[in-house]
Amino acid sequence: MTNQTRSTTKLILGTALASASLMTAACAGRSSGPADTSYVARDVESLYGEAKRRLDSGQATLAAALFDEVERQHPYSPWARRAQLMSSFSYYVAKDYNKAIQSAQRFLQIHPGNKDAPYAFYLIALSYYEQISDVQRDQKVTEQALTALQEIDRRFPNSDYASDARLKIDLVRDHLAGKEMEIGRHYERAGRWIAAQIRFQNVVDNYQTTSHAPEALYRLTETSLALGIPDEAVKYAAVLGANYPGTEWYDKAYDLVQDHAAGVTPS
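For every chain, the first residue of its written sequence is number 1, and the numbers climb from 1 along that sequence. Totals for whole chains, interfaces and linings use all residues, but because this is a predicted model, local features are given only for residues with pLDDT of at least 70 and pairs of side-chain atoms are given and counted only at 80 or more. Heavy atoms throughout the structure, all of them, feed into the side-chain values; hydrogens and water do not.

It is worth spelling out unusual backbone geometry at this point. We note that K95 has phi near 65°; this positive angle belongs to a residue other than glycine. Numbering of helices and strands runs from the N terminus; a helix is a DSSP stretch of H or I covering at least four residues, while a strand is a stretch of E covering at least two. Summarising the element assignment, K95 is placed in the loop between α4 (78-93) and α5 (97-110).

Given below as structure tokens:
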């Protein structure tokens, strides 16, 4: 995640949690709290307040367990609904992203129309987003992040969550395009021209607004020449020149075509 998106995320998370912090400030001071999450029956305000105190002191995993205990001991209290979201957030802070997702999903299953539903969707998306790995690894979680972020933009287009989601969508799409390019280059080095072209064409067709599109067009020019179809190579070079003139990739494609397909008309 970039510094800009990290700052935006912190701002949105902080705003969403501000009301919960105010509501629990008084009760948090009433109890010195347990040393662990021993299942001792306690009144809901003391239990919730202790969970919040633990979260504020940096004990996010313990806080999540205590928020879960609020729901377990007082399932019909209004505090239980807030505790579900706070549990999800606490797991997120603790980097236990799978539990954060599970907790937020449970909240949405029980309270689908609640005013805090956008925040629950946002926590799910962030929890996937934080697990995005480098392009050399499987990108299933990256695709899950993209789906979750797009769902926020679709459901809550005018919210702050959607604004941040749209920024992250662009970054995720660039990441997925990078994965396609990495695989395509691997196939090209192995001389598997058609397999490489499929990957590069996918970038051009589905990720044309990403930073990888110019290189993808160059690689299509390159592999078309390797396949013995210079008219296709000229076509891709022309598209590259029309959309990304002055780039290093167009300069390289132009030189390639001049050396190997001079005078050829694009198909």
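Residues form patches when they are more than 30% accessible in relative terms and have no salt bridge. Like charges link within 9 Å. Nonpolar side chains (Val, Leu, Ile, Met, Phe, Trp, Tyr) link within 5 Å. Accessible surface area values rest on a Shrake-Rupley calculation with a 1.4 Å probe, where residue burial reflects the displayed protein chains alone. Salt bridges are defined by distance alone: a side-chain nitrogen of Lys or Arg within 4 Å of a carboxyl oxygen of Asp or Glu. Residues I194, I198, L227 and I229 make up a contiguous nonpolar surface patch of about 350 Å² in total accessible area. Checked against the element boundaries, I198 lands in helix α9 (residues 193-206).

This prediction gives the chain a mean pLDDT of 87; 83% of its residues lie at or above 70. Per residue, pLDDT captures the predictor's confidence, and it can take any value from 0 to 100. Here a residue-residue contact requires only that any non-hydrogen atoms of the pair lie within 4.5 Å. Across residues 18-35, confidence stays below pLDDT 50; counting only partners more than four residues off in sequence or on other chains, it has 27 contacts.

When you line up the elements, T221 lands in helix α10 (residues 213-226). Accessibility expressed as a relative area gives 0% for T221, which makes it buried. Look past the residues within four positions of T221 in its chain and what remains in contact with it is A233, Y236, A237, A253, L256 and V257. Each residue is assigned to one of three classes by its accessible area relative to the maximum for its type, calculated with a 1.4 Å probe on protein chains only: buried under 20%, partly exposed between the two thresholds, exposed over 50%.

Here the focus is the side chain of Q139. Tracing the backbone through its elements, the reader meets Q139 in the loop between α6 (117-129) and α7 (140-155). For Q139, a relative accessible area of 5% puts it in the buried group. Beyond its immediate sequence surroundings of up to four residues, Q139 is in contact with S133, D134, H175, L176 and K179.

It is worth spelling out the pattern of salt bridges at this point. Under the counting rule described, the total for this entry stands at 18 salt bridges. A salt bridge links K179 to E182, with the shortest nitrogen-to-oxygen separation between them at 4.0 Å. With a gap of three residues between them, K179 and E182 both fall in helix α8 (residues 160-189), about one helical turn apart. One salt bridge in this structure joins E215 and R185, with 3.0 Å as the shortest N-O distance. With E215 in helix α10 and R185 in helix α8, this residue pair connects regions lying 30 residues apart in the sequence. Through salt bridges with shared partners, one network takes in R185, E188, E215, R219 and E222.

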